[in-house]
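Chains, contacts and geometry: an overview
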There are 2 protein chains.
Amino acid sequence: MAPTHDPQLLKGVLSLLLLRLLAERESYGYEVVQRLRELGLTDISEGSVYPALARLEREGRLHGRLVASRSGPARKYYRPTPAGDQALAQGTESWLSLAAVVHPVLVRRLPDPPTADPATAGPPRATPPTVTPPTATEDTGR
Amino acid sequence: MAPTHDPQLLKGVLSLLLLRLLAERESYGYEVVQRLRELGLTDISEGSVYPALARLEREGRLHGRLVASRSGPARKYYRPTPAGDQALAQGTESWLSLAAVVHPVLVRRLPDPPTADPATAGPPRATPPTVTPPTATEDTGR
DNA sequence: CACCCTACTCGACAATGCAAGGTACCTGGC
DNA sequence: GCCAGGTACCTTGCATTGTCGAGTAGGGTG
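This text gives an overview of the structure that appears in the document. Residue indices follow the written sequence of each chain, beginning from 1 at its first position. Here every chain gets a letter starting at A, and every ligand a number starting at 1, in the order they are written. Thresholds applied to this predicted model are a pLDDT of at least 70 for local features of residues and 80 or more for the giving and counting of side-chain atom pairs; totals over whole chains, interfaces and linings are not thresholded and use all residues. Heavy atoms from the whole structure form the basis of all side-chain values; hydrogens and water molecules are not counted.

1. With respect to helix H2 (residues 29-38) of chain B
All names here are of chain B. Restricting attention to buried positions, one finds in H2 the residues Gly29, Glu31, Val32, Val33, Arg35 and Leu36. The inward-facing, buried residues of H2 abut helix H1 (13-24), strand E1 (27-28), helix H3 (46-58) and strand E3 (75-80). Put simply, DSSP marks the helices as runs of H or I at least four residues long and the strands as runs of E at least two long, and each gets a number from the N terminus on. Immediately downstream of H2, the backbone of Gly40 shows phi near 105°, a positive value. Buried, partly exposed and exposed residues are distinguished by accessible area as a fraction of the type maximum, computed with a 1.4 Å probe on protein chains only: under 20%, between the cut-offs, and over 50%, respectively. Throughout, a residue-residue contact means that at least one pair of heavy atoms, one from each residue, lies within 4.5 Å.

So, in structure tokens, the structure goes:
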């Protein structure tokens, strides 16, 4: 992804990604950070991930267990609880249906800039017919 | 989209959508709310939209002008400034590249749940090879 | 010992959507 | 006149969550 992203866009997404990655494979915090980096999300720092993990654990969505390491400090492994699985399913649906709306809007053509904008304060041009919203299943192909 | 969405997911997205819709066509606040609703975003209330519009105007990204209405109250029309156009371009790129990461992760298959989890505290299974991150251009088709 | 890597914690902060409460201008019915 | 409904707008306090910056601790190596 772009080297810098708007932090606001990540809100709600980070915890969803964490649940998802940990549903795929149990991991410890540092490893999760690395997996996020491998996905291209290089701007996400440990200072963001650990509190998010702690929050999900506190909410009962993640189960954490401390495992002594043979060399180096102990590792805290996480995986989703059933409540976490449910949150993941709901959050996934939520994100997918939002993206199904946002993506087509962002990629469709912009109209040409208006020429020689009239300086009058007249009302803008009449409302054109509304576009039909895409269905939530429109963007599931990959 | 789903009747209820996680409000956090909308952070950063709402202002992006506002810039986009207003770049396509100058509109007044109430009309923008209706256009968002037509897109399927029925959970977005005016209490969210007006402060966002005011914020974008204060930041110099939107230009607002009050137009008296023939019947009913005056309408405040908005359209993006050049700074707003730039913010839209950057925000669009940011969202698209984030979505290019998030979407494939959310739709790929989950592994089967592990059977009869061993109750021992042994370290989890060895780390499998990492998956290659998708490119940012992977999800531009529609 | 110092340094580096691994692995984790924590508190203050900023940003932004949301809920709730309101205001004002019209029109139509009683 | 009053009231209800619709249009159109405004505002404030709040909750949430990622970010930043600062740290801690366990090992191995020179």
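2. A short note on the sheet that holds strand E3 (residues 75-80) of chain A
Residue and element names in this part refer to chain A. At least two DSSP bridges between two strands are required for those strands to pair. With antiparallel pairing, three strands are arranged side by side in an open sheet as E1-E3-E2. Only two strands of the sheet have a single neighbouring strand rather than two, namely strand E1 (27-28) and strand E2 (62-67). When E1 meets E3, the two strands line up antiparallel, connected through two bridges. Bridge pairing in E3 links Ser27 to Tyr78.

3. Considerations on the protein's contact with DNA strand D
Residues are classed as near a molecule or strand on a simple rule: at least one heavy atom within 4 Å of it. Surrounding DNA strand D, one finds 27 residues, the nearest of these being Ser48 and Arg55 of chain A together with Tyr30, Arg75 and Lys76 of chain B. Here a polar contact is taken to be a pair of N or O atoms separated by no more than 3.5 Å, where protein atoms must pair a possible hydrogen donor with a possible acceptor and residues adjacent in sequence count only if both atoms sit in side chains. Contacts to DNA strand D include Tyr28 of chain B, whose side-chain N or O atom sits 3.1 Å from a phosphate oxygen. Between a base nitrogen of DNA strand D and a side-chain N or O atom of Glu46 of chain B, the distance comes to 3.5 Å. Going through the elements one at a time, helix H1 (7-10), helix H2 (13-24) and helix H4 (46-58) of chain A together with H2, H3 and E3 of chain B are the ones with two or more residues in the surface near DNA strand D.

4. Let's talk about the packing of aromatic side chains
Two measures describe an aromatic ring pair: the distance that separates the ring centres and the angle between the ring planes. All names here are of chain A. Pairs were defined over the aromatic rings of Phe, Tyr and Trp, the Trp ring being its six-membered one, requiring ring centres within 6.5 Å. Orientation was assigned from the angle between planes: stacked under 30 degrees, edge-to-face over 60, tilted for the rest. All chains considered together, the criterion is met by three aromatic pairs over all chains. Between the aromatic rings of Tyr28 and Tyr77, the centroid separation amounts to 5.4 Å while the plane-to-plane angle is 75°, which identifies the pairing as edge-to-face. Separated by 49 residues along the polypeptide, Tyr28 in strand E1 and Tyr77 in strand E3 bring together distant segments of the chain.

These figures come from the coordinates and say nothing about function on their own.
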